[in-house]
Amino acid sequence: MAVRALRALPRLKPFNRLQVILQHLKMSKHTDSTAEVLLEKRGGAGVITLNRPKALNAFNLSMIRQIYPQIKMWEQDPETFLIIIKGTGGKAFCAGGDIKAITEAGKVGGRLTQDFFREEYTLNNTIGTCKKPYVALIDGITMGGGVGLSVHGHFRVATEKTLFAMPETAIGLFPDVGGGYFLPRLSGKIGYYLALTGFRLKGRDVLKAGIATHFVESEKLPALEKDLIALKSPSTENIADLLNSYHAKSEDDQEKEFVLDKHMEKINSLFSANSMEEIVKKLKQDGSPFAIKQLETINKMSPTSLKITLRQLREGASMSLQDVLTMEYRMSQACMVKSHDFYEGVRAVLIDKDQSPRWNPAALEEVSDEFVDDFFKPLGSNDLKL
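From a predicted model like this one, the values you see are computed outputs, not experimental measurements. (Residues numbered from 1 in each chain as written. Predicted model: local features only at pLDDT ≥ 70, side-chain atom pairs only at ≥ 80, totals over all residues. Heavy atoms only, no water.)

A. Inspection of helix H13 (residues 276–286) at higher detail. For H13, every residue scored as buried is listed here: Met276, Ile279, Val280 and Leu283. Projected down its long axis, H13 carries its buried residues within an arc of 95°, all on one side. Among the exposed residues of H13, those oriented more than 90 degrees off its buried face are Lys281 and Gln285. Tucked inside the fold, the buried residues of H13 contact helix H8 (190–197), helix H12 (264–270), helix H14 (289–300) and helix H15 (303–316). (Buried < 20%, exposed > 50% of the residue type's maximum accessible area, 1.4 Å probe, protein only. Helix = DSSP H or I, 4+ residues; strand = E, 2+ residues; numbered from the N terminus. Arc of directions from axis to C-beta. Contact = heavy atoms within 4.5 Å.)

B. Spatial organisation of the packing of H8 against H15. Packing of H8 against H15 leaves a shortest axis separation of 10 Å and a crossing angle of 155°. By the angle between their axes, H8 is roughly antiparallel relative to H15. Handedness of the H8/H15 crossing: right-handed. The segment H8 lies against H15, with Gly191, Tyr192, Ala195 and Leu196 engaging Leu306, Thr309, Leu310, Leu313 and Arg314. (Axes fitted to C-alpha atoms, helices over the stretch in contact; angles between N-to-C directions. Parallel < 35°, antiparallel > 145°, perpendicular 65-115°, else oblique. Left-handed = near helix turned anticlockwise from the far one by under 90°.)

C. Local environment of unusual backbone geometry. Here the bond from asparagine 360 into proline 361 is cis, since omega is 0°, no more than 30 degrees from zero. With respect to the secondary-structure elements, proline 361 resides in the loop between helix H17 (341–351) and helix H18 (369–374). Here the phi dihedral of glutamine 355 falls at roughly 55°; this positive angle occurs in a residue that is not glycine.

D. Spatial organisation of the environment of methionine 301. On the secondary structure map, methionine 301 appears in the loop between H14 and H15. Exposure remark for methionine 301: the relative accessible area of 9% places this residue in the buried category. If sequence neighbours within four positions are ignored, methionine 301 has contacts with Thr169, Ala170, Leu196, Thr197, Leu306 and Trp359.

E. Representation of the packing of H13 against H15 in the model. Here H13 crosses H15 at 105°, and the two axes come no closer than 9 Å. Accordingly, the angle class assigned to the pair H13 and H15 is roughly perpendicular. Between H13 and H15, the residues in contact are Met276, Glu277 and Ile279 and Leu306, Lys307 and Leu310, respectively. Tallied by class, residues from the contact of H13 with H15 come to 4 nonpolar, no polar and 2 charged. (Nonpolar A, V, L, I, M, F, W, Y, C, P; charged D, E, K, R; others polar.)

F. Region of interest: the sheet that holds strand E9 (residues 201–202). An order of E4-E6-E8-E9 is seen for the 4 strands of this open sheet, with the pairing classed as mixed. This sheet does not close on itself; its edge strands, each paired only once, are strand E4 (92–94) and E9. Strand direction decides the pairing type here: strand E8 (residues 163–165) and E9, joined by 2 bridges, are antiparallel. Looking at E9, one finds that phenylalanine 164 is bridged to leucine 201. (Pairing = 2+ DSSP bridges.)

Geometry only, nothing functional implied.
Written out as structure tokens, the structure is:
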């Protein structure tokens, strides 16, 4: 009953939607320690805890359907002053979405391929437009969909355990969840580099790249959370001050060089090309060990994913978050229906784990402009509406 009612949320009028949410919350035991997501009110804070440690806190549609209405409720609640999101288990904040389930549904034409992306992107937009300060404690693995649950909020606190990546081009997808919005807005061409190669950033480098807003040692997070919850009627400025004070105490090795510093000139030059073919040509011409390594990485990725990702970032650089998510929803549906590579990438990387995907088309030159255009076509009445 509750799940069926929640499915209808986007189509309900605000008053009815609130009624459904209230009814759903009364029926749910969100503080059950075995639940996949824990939703608690602690002091003036709403606390979301992703609670699938064995699955590295990867999230599924039922988790989205619990988190989304709860954020909406807390946004309207005058007694809730901030929202905190974190993961359990010590290894991951959130390793992404439940890709295997989406793959299985896609093979049989199940609705999950539409519902999951539609509701995930709606949640990403809710985080990006949240009226209450939103603090993501990105301790551990933070990839793909986990980035979407954190990066659009006001504050992202990285630790020495944080491992950030958008690895979607390796599975025939693209860096979605608003990747087309935040990646091209990073300094220089870092975002393009991260999106196309899936390069992993660790610890303090997540802050230095501009993805995290603060850095705090992992062991201090419980104290930070306690202090956040203890704030009386906190404003965004109060929260920033508290985070800044913890950040300042963690600056002992802040002078350490950013992992990409020595390569930034090359990244900005090589990844500024207008086409994937041109990027590959520049990498070959450069011939440095760094360029050769990037060439080897890019050659393993789905040629289709590389081309649609480059266009996604180039167009997303001047779009609003809402327009980017609408574009990415179109892309997601094309990946489910029009492309072979998503299913093949998931097979090779996550199911059979042979790491030998057979992409089709197999080379960048074989991915036509017309084929790329298909990924960006409006879906009419099925378009994402935010």
